[in-house]
Amino acid sequence: MCGRFALTATPEQTADFLGVAGLDEFPARYNIAPTQPILMALAGVPQAQGSNLPNRQSILVRWGLIPTWVKDTREFPLLINARSEGAAEKASFRAAMRHRRALVPASGFYEWQQAGGKKGQPYWIRPKHGGLVAFAGLIETYAEPGGSEMDTGAILTVGANAGIAHIHDRMPVVIHPRDFTRWLDCRTLEPRDVADLLQPARPDFFEAIPVSDLVNKVVNTGPRIQERGIVGPLIEKAKRQKSGADDSQMTLF
């Protein structure tokens, strides 16, 4: 599962990492949430031999993939993640896996260690040696009933490695720079040809830092949400009850 991530690198650093042309200016984003626009890179038009122009292009998409065949988006679930194990066969992702594989640049992601079925301790999970990471992404262009088009996307996930499994059982698929060209090549490579890339990162690739629950709220977008912090156990407090009130009416703080 990947429900929040961050991209705090500069546009220049991000463009250099992805191998795309210069990006428009954008601010550091510390708490990227579903339905917000996210940056992706995909294969562009092949350049002539000897050209210095990049073979990749960048695109902003809505985080939450909508398949082309959806009739009413209000009745369709928000597909922010795609399980890599069955994405090539699943109707929602099959076309994107074949034709629109992409890279999602990130500085890291957030995950929550579950506690009693509820979100417990949040963690900021970043590359141990710093820098950017690219998640495997999928893009689908959805045509709305009114005729306008919207680019949408999802992040592929895989079973968590030993370094993350104690926090959550899923993690984003990481595509390493050496494999960017292979993953993005939808002209000559079928999903089966890149299936070997859909593996968890090495157990020592990421470091997980416990942070406060500031990240839980989308309105919190500053660097403070990545500062080390521990969320204590939820303390159940009873409101002052009038005589005869239901003792089960309590609030969690």
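Scroll up to find the structure.
Presented here is an overview of the structure given in this document.

Procedures and definitions
- Residues numbered from 1 in each chain as written.
- Predicted model: local features only at pLDDT ≥ 70, side-chain atom pairs only at ≥ 80, totals over all residues.
- Heavy atoms only, no water.
- 1 Å grid on protein atoms, 1.4 Å probe; cavity = no way out; pocket = protein on both sides within 12 Å on 5 of 7 lines; lining within 4 Å.
- Points joined across faces, edges and corners; volume = space filled by probe spheres on them.
- Helix = DSSP H or I, 4+ residues; strand = E, 2+ residues; numbered from the N terminus.
- Nonpolar A, V, L, I, M, F, W, Y, C, P; charged D, E, K, R; others polar.
- Buried < 20%, exposed > 50% of the residue type's maximum accessible area, 1.4 Å probe, protein only.
- Contact = heavy atoms within 4.5 Å.
- Arc of directions from axis to C-beta.

Regarding the layout of surface pockets
Here is step 1 of the chain: As a volume, the second largest pocket reaches approximately 260 Å³.
Here is step 2 of the chain: For the lining of the second largest pocket, the elements supplying multiple residues, two or more each, are strand 1 (4-7), strand 2 (29-32), strand 3 (37-43) and strand 4 (56-63).
Here is step 3 of the chain: The class makeup of the residues in the lining of the second largest pocket is twelve nonpolar, one polar and three charged.

Describing the environment of Asn220
Here is step 1 of the chain: Of note, Asn220 is situated in the loop between strand 12 (206-210) and strand 13 (236-238).
Here is step 2 of the chain: Classification of Asn220 as partly exposed rests on a relative accessible area of 21%.
Here is step 3 of the chain: C-alpha separation for the pair Asn220 and Tyr30, spaced 190 residues apart in sequence, amounts to 8.5 Å.
Here is step 4 of the chain: Here Asn220 is in contact with Asn31, Leu214 and Ile225, once residues within four sequence places are set aside.

A closer look at the side chain of Gln226
Here is step 1 of the chain: With respect to the helices and strands, Gln226 occurs in the loop between strand 12 and strand 13.
Here is step 2 of the chain: Judged by relative accessible area, Gln226 falls into the buried class, the value being 18%.
Here is step 3 of the chain: Those residues in contact with Gln226 that sit more than four places away from it in its chain are Ala6, Thr8, Tyr30, Tyr110, Trp124 and Val211.

Description of helix 1 (residues 11-18)
Here is step 1 of the chain: Regarding helix 1, the residues found buried are Pro11, Thr14, Ala15, Phe17 and Leu18. Along the axis of helix 1, the buried positions cluster into a sector of 165°, meaning they face one direction only. Away from its buried face by more than 90 degrees, helix 1 exposes Glu12 and Asp16.
Here is step 2 of the chain: Check the buried side of helix 1 and you find it contacts strand 1, strand 3, strand 4, strand 6 (101-106), strand 9 (133-143) and helix 3 (180-184).

Here's the deal with the environment of Asp179
Here is step 1 of the chain: Looking at the element boundaries, Asp179 is found in the loop between strand 11 (170-172) and helix 3.
Here is step 2 of the chain: The class of Asp179 is buried, set by a relative accessible area of 13%.
Here is step 3 of the chain: With 15 residues separating them along the chain, Asp179 and Val194 place their C-alpha atoms 9.3 Å apart.

These figures come from the coordinates and say nothing about function on their own.
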